[in-house]
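Summary of the model geometry
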Amino acid sequence: MSHDTTATNRTRQNLGNHASIWLFGYGSLIYKTDFPFLESRPARIRGWKRRFWQGSHDHRGTPDSPGRVATLVADEAAVCSGMAYRVEPKVFEQLDVREKNGYLRHVQTLEFADGSSAEGLVYIADETNAAWLGPATEQAIAEHVAHASGPSGSNREYVLRLACALQDLGEDDPHVSAIARHLGTR
Ligand code: SIN
């Protein structure tokens with residue numbers, strides 16, 4: 001798959017007949033809300049774990065020196081916490097561009113703290129996309145992150161802001177905190 005998923009995403013779901021749609025954010029979408037939303041609520045999705053296995057050519061790195069950003073990897077036993085936003089369908093026009101570097105929209109069930117749930121969309125970049133970097137040790141990921149930056153800022157800031165945002169939500173993701181710890185001690 002090419003790097004730019006904008007056109008593919010536009011064909012994946014028919015959003016036009018919805019008044020609003022839930023979006024689940026687990027990476028920068030938790031802390032960088034540069035899009036309009038009607039409501040936001042902490043949420044979780046089951047069967048996915050957050051990993052810094054996706055390359056970033058357009059935000060936290062460049063095509064020659066990609067950064068490492070979060071994606072979700074299937075894991076039956078995992079639960080991933082993040083933030084859900086209820087948005088108007090037209091907001092996906094801008095989100096598709098923001099998440100164009102390999103992410104595809106997937107329908108998932110979002111669970112809220114009060115026990116209720118809703119269907120929503122989640123951007124996931126899998127191993128078939130051209131910007132995929134794949135697994136590495138948390139120390140190696142931190143080394144990589146420490147040296148990358150792109151148009152949206154340093155890769156280090158991406159990781160540390162995500163770690164802070166998860167802490168603010170009262171959530172601990174050992175993968176994120178281990179990388180943040182390695183970065184903090186450099
Ligand atoms: C997300 O935050 O949900 C997707 C990945 C990112 O934009 O960092």
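Refer to the structure above for everything that follows.
For the structure given in this document, a descriptive report is provided here. For clarity, every value in this text was computed on a predicted model and none was experimentally measured.

**Remarks on the pairing of strand β5 (residues 117-124)**
Of all eight residues making up β5, six are buried, and the element is well covered by its neighbours. Both strand β1 (residues 21-25) and β5 contribute to a ladder of three bridges, which runs parallel. Of the residues in β5, the one forming a bridge with L23 is L121.

**Overview of helix α3 (residues 91-98)**
Residues of α3 that are buried include every one of V91, F92, L95, D96 and R98, and no others. The arc that holds the buried residues of α3, viewed along the axis, is 160 degrees, so those residues lie on one side. The inward-facing, buried residues of α3 contact α1 (6-10), β1, α2 (28-31), β3 (67-87), β4 (104-112) and β5.

**With respect to the environment of L110**
Within the secondary structure, L110 sits in strand β4. Judged by relative accessible area, which is 0%, L110 ranks as buried. Measuring from C-alpha to C-alpha, the distance between L110 and L121 comes to 8.9 Å, with eleven residues separating the pair along the chain.

What counts, and at which threshold
- Residues numbered from 1 in each chain as written.
- Predicted model: local features only at pLDDT ≥ 70, side-chain atom pairs only at ≥ 80, totals over all residues.
- Heavy atoms only, no water.
- Buried < 20%, exposed > 50% of the residue type's maximum accessible area, 1.4 Å probe, protein only.
- Helix = DSSP H or I, 4+ residues; strand = E, 2+ residues; numbered from the N terminus.
- Pairing = 2+ DSSP bridges.
- Arc of directions from axis to C-beta.
- Contact = heavy atoms within 4.5 Å.

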